[in-house]
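# A look at the structure
One-letter residues, chain by chain:
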Amino acid sequence: MFEVDGAGLYYEVRGSGPALLMISGAGGDAGYYSGIAETLSDAFMVISYDRRGNSRSSGRSQTPMELGVQAADARALVDGLAGGRALVFGNSGGAIIGLTLAALHPEVMAGLVAHEPPAVNVLPDGDPGRDFFADLAALYERGGAPAAGRRFAETIRGEGTYRWPADLWKRFLGNQDHLLGTEWPGFTTFRLDETALKSAPFPVVLGAGAEDRGTYYALPSIEIARRIGVPWVEFPGIHMEFLRNPAQFAAAVRVLATGMHSRTGDVPHLWQGGTAQ
């Protein structure tokens, strides 16, 4: 457990090398990344955690949570576990937190990979995706977490085509009220800080899955990349490909994260091993 202001954060660390902080999306926790973290641990010190109020972390509250709190928690982990600087990967709501962290605390960032941030406010006026967060919040008010959770899952391509680990699924269900009642307002009101991100002194890459083309949660990544002038890449698979096919997804993350780190010329000793036989 890692103590932050008002909460204890459950975290996991695998491997050694350059630090790679992985931020889970809505309702998720460190278990989202168990498979890819294990694969990447031969080259990186992979840090994953349960966000404040989720799963094995404390700090659950009925008060709506601002994204700045989520970013401060991530910064505290980087300071305390990674010596004050890390590459960051975020998926979905975790990508929104990553973008917020990059804007508010650039000094702890060595690079950012933002995978499918559902930042619907960047979509064009009239796009039906712009109303998604507000519509789901209204459904939660009427029917509670079960109704809103079912509707949420129905909008995510590929869900239901593979099996989640039982323990992760149980924790995910236990996080639904916290997500929809406490975290949702922060995700809903996210506004892209174009000025801060355009001037970021570290590489930023946006991306989305090949099977998610045209969805409300994939299209914002293209628009964000365009607005701040950074690369956009296509990842394999679906929104949660790291659960469905962790080895394939880890390979894509490895290429980006290695390139971000080695661009400085500071190649770690562990990458300078003996000649392959």
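To start, this report covers the structure provided alongside it. Counting of residues starts from 1 at the beginning of each chain's written sequence and follows it residue by residue. Only residues with pLDDT of at least 70 get local features here, since the model is predicted, and only at 80 or more are side-chain atom pairs given and counted; chain-wide, interface and lining totals rely on the full set of residues. Think of the side-chain values as coming from all heavy atoms in the structure, minus any hydrogens and water.

Right, let's talk about the overall build of the protein for a bit. In this description a helix means any DSSP run of H or I spanning at least four residues, a strand means any run of E spanning at least two, and both kinds are numbered starting from the N terminus. Across its full length, the protein holds ten helices and nine strands. Radius of gyration: over C-alpha atoms. The globule rule applied is 2.2 Å multiplied by the number of residues raised to the 0.38 power. On C-alpha atoms alone, the protein measures out to a radius of gyration of 18 Å, which is about the 19 Å that the 2.2 N^0.38 rule sets for 277 residues. Across the 277 residues in the protein, those meeting the buried criterion constitute 56%. With residues, only the protein chains shown are counted as cover, and all accessible areas are computed by Shrake-Rupley using a 1.4 Å probe. Here the protein has roughly 11700 Å² of accessible surface; of this, 52% comes from carbon and sulfur atoms. Throughout this description, buried means an accessible area under 20% of the type-specific maximum (1.4 Å probe, protein chains only), exposed means over 50%, and partly exposed covers the range between.

Strand pairing follows a simple DSSP-based rule, namely that at least 2 bridges must link the two strands. Here we have seven strands laid out as an open sheet, ordered β3-β5-β4-β6-β7-β8-β9, and mixed in their pairing. The open sheet has two edge strands with one neighbour each: β3 (11-14) and β9 (232-235). Across the sheet, the mean angle separating the axes of adjacent strands is 20 degrees when strand polarity is ignored. Bridge analysis of strand β8 (residues 204-209) against β9 gives four bridges, and the strand direction is parallel. From the neighbouring strand, Leu 206 faces β9, where its bridge partner is Trp 232. Across the face of the sheet, helix α3 (residues 93-104) comes into contact with β4 (19-23), β6 (86-91) and β7 (109-115) while running at roughly 150 degrees to β7. Orientation is described by axes fitted as lines to C-alpha atoms, over the contacting stretch for helices, and by angles from 0 to 180 degrees between their N-to-C directions. Here a residue-residue contact requires only that any non-hydrogen atoms of the pair lie within 4.5 Å.

Turning next to the packing of aromatic side chains. Aromatic pairs are defined between Phe, Tyr and Trp rings, using the six-membered ring for Trp, whenever the two ring centres lie within 6.5 Å; interplanar angles under 30 degrees are classed as stacked, those over 60 as edge-to-face, and all others as tilted. In the structure shown here, the tally under the stated rule is 20 aromatic pairs. Measuring from centroid to centroid gives 5.6 Å for Phe 44 and Trp 271, while their planes differ by 75 degrees, and the two rings are edge-to-face. One end of the pair, Phe 44, is in the loop between α1 (34-40) and β5 (45-49); the other, Trp 271, is in the segment after α10 (246-262), and 227 residues separate them in sequence. Classification of Trp 271 as partly exposed rests on a relative accessible area of 25%. With centroids separated by 6.4 Å and ring planes inclined at 65 degrees, the aromatic side chains of Phe 132 and Trp 184 adopt a geometry described as edge-to-face. Residue Phe 132 is located in helix α4 (residues 132-154), and its partner Trp 184 is located in helix α6 (residues 176-188); the two are separated by 52 residues in the primary sequence. Phe 132 sits in the buried class, given a relative accessible area of 10%. Taking relative accessible area as the criterion, Trp 184 reaches 2% and is therefore assigned buried. Three or more aromatic residues link up through ring pairs in this structure, and these residues are Tyr 32, Tyr 33, Phe 89, Trp 164, Trp 169, Phe 172, Phe 235, Phe 242 and Phe 249.

By the burial criterion, the buried members of helix α5 (residues 166-174) are Leu 168, Arg 171 and Phe 172. Seen from one end, α5 has its buried residues packed into an arc of 105 degrees, which puts them on one side. Of the exposed residues in α5, the ones pointing more than 90 degrees away from its buried face are Ala 166 and Lys 170. Next to the buried residues of α5 lie α6 and α9 (241-244). Of all possible arcs, the one meant is that of the directions from the helix axis to the C-beta atoms.

So, on to the pattern of salt bridges. By definition, a salt bridge exists where a carboxyl oxygen of Asp or Glu is found within 4 Å of a side-chain nitrogen of Lys or Arg. What the rule picks out here adds up to 19 salt bridges. Asp 29 is the salt-bridge partner of Arg 56, the closest N and O atoms lying 3.8 Å from each other. Remark: Asp 29 occurs in the loop between β4 and α1 and Arg 56 occurs in the loop between β5 and α2 (67-81); sequence separation between them is 27 residues. For Asp 29, a relative accessible area of 1% translates into the label buried.

Positionally, Pro 246 belongs in helix α10. Pro 246 gets classed as partly exposed once you look at its relative accessible area, which sits at 26%. Along the backbone, Pro 246 and Thr 215 are 31 residues apart, and their C-alpha atoms lie at a distance of 22 Å. Apart from residues lying up to four places away in sequence, Pro 246 is in contact with Gly 35, Ile 36 and Glu 241.

Next up on the list: the nonpolar core. Among the nonpolar cores identified, the biggest contains 60 residues, and Leu 21 and Phe 152 are the most heavily contacted of them. Considering every element that reaches this core, the biggest residue donor is α4, with nine residues. When neighbours within four sequence positions are excluded, Phe 152 is seen to be in contact with Ala 26, Phe 132, Leu 136, Leu 179, Trp 184 and Tyr 216. Formed by 31 residues, the second largest nonpolar core is a distinct cluster that contains Leu 168, Ala 250, Ala 252 and Leu 256. Put simply, buried Ala, Val, Leu, Ile, Met, Phe, Trp, Tyr and Cys residues joined by side-chain atoms within 4.5 Å make one nonpolar core.

It is worth spelling out unusual backbone geometry at this point. Even without being a glycine, Ser 55 presents a positive backbone phi close to 55 degrees. Along the polypeptide, Ser 55 turns up in the loop between β5 and α2. What makes Ser 55 partly exposed here is its relative accessible area of 24%. At Ser 92, a residue that is not glycine, the phi angle is positive and equals roughly 55 degrees. With respect to the secondary-structure elements, Ser 92 resides in the loop between β6 and α3. Look at Ser 92 and you get buried, because its relative accessible area is 8%.

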